[in-house]
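What the coordinates show
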Amino acid sequence: AEIAKAKAAAPAAGWPGVVTVVDGDDGVAAVVDGQHRLGAAALLAQAPAGLPEGLASILVDVRPAADEAAVAALFAEINRAEPVPLVDLPTDD
């Protein structure tokens, strides 16, 4: 709910990053990364004002079906990613 509130207050165009899902053998995809962004989008879409136009698209990385161990390894790989050091971020000065 906090992400939805923040995006509603300052809806910069788009969502950060990608949502990663793994196709299931049963035809149902499982979200491996980005579930909070999807939840925020769902909350905003249900709000009286609706989903702001700039937030209507979410980039999704769809991976092929995999066993539970492979999905766990993918989750670990995504969540071990190194953050960008502040010194590498562009600034206005």
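A few words on the overall build of the protein. When helices and strands are counted, the protein shows three helices and three strands. For the protein, the sequential pattern of α-helices and β-strands runs α-β-β-α-β-α. Approximately 6700 Å² of the protein is accessible, and the part contributed by carbon and sulfur atoms is 59%.

Taken in spatial order, the three strands line up as β2-β1-β3 in an open sheet, and their pairing is mixed. A single partner strand is all that each edge strand has here, and the edge strands are β2 (30-33) and β3 (60-63). For this sheet, the mean inter-axis angle between neighbouring strands, taken without regard to orientation, is 30°. Strand direction decides the pairing type here: strand β1 (residues 19-22) and β3, joined by four bridges, are parallel. Along β3, the bridge assignment pairs V19 with V60. Across the sheet, helix α2 (residues 35-46) is in contact with β1 and β2; its angle to β2 comes to roughly 115°. Sheet contacts for helix α3 (residues 68-79): β1, β2 and β3; angle to β2, the most-contacted strand, approximately 30°.

Here α2 contains twelve residues, and its C-alpha end-to-end distance of 17 Å stays within 8% of the 16 Å for a straight helix at 1.5 Å per residue. Taken together, the buried positions of α2 are occupied by R37, A40, A41 and L44. Here the buried residues of α2 occupy an arc of 100° about the axis, which is enough to place them on one side. For α2, the secondary structure elements touched by its buried residues are α1 (2-9), β1 and β2.

What follows deals with the side chain of T20. By secondary structure assignment, the location of T20 is in strand β1. Take T20: its relative accessible area is 4%, and that puts it in the buried class. Those residues in contact with T20, other than ones at most four positions away along the chain, are A30, V31, V32, D33, D61, R63, L74 and I78.

Enumeration over the complete set of coordinates arrives at two salt bridges. Here R37 makes a salt bridge to D33, at a shortest N to O gap of 3.5 Å. The same class applies to R37 and to D33, which are both buried. Residue D61 pairs with R63 through a salt bridge whose shortest N-O separation is 2.9 Å.

Analysis parameters
Residues numbered from 1 in each chain as written. Predicted model: local features only at pLDDT ≥ 70, side-chain atom pairs only at ≥ 80, totals over all residues. Heavy atoms only, no water. Helix = DSSP H or I, 4+ residues; strand = E, 2+ residues; numbered from the N terminus. Areas by Shrake-Rupley, 256 points an atom, 1.4 Å probe, with all protein chains shown as cover. Pairing = 2+ DSSP bridges. Axes fitted to C-alpha atoms, helices over the stretch in contact; angles between N-to-C directions. Contact = heavy atoms within 4.5 Å. Expected span 1.5 Å × (residues − 1). Buried < 20%, exposed > 50% of the residue type's maximum accessible area, 1.4 Å probe, protein only. Arc of directions from axis to C-beta. Salt bridge = Lys/Arg side-chain N within 4 Å of Asp/Glu carboxyl O.

Purely geometric numbers; function is a separate question.
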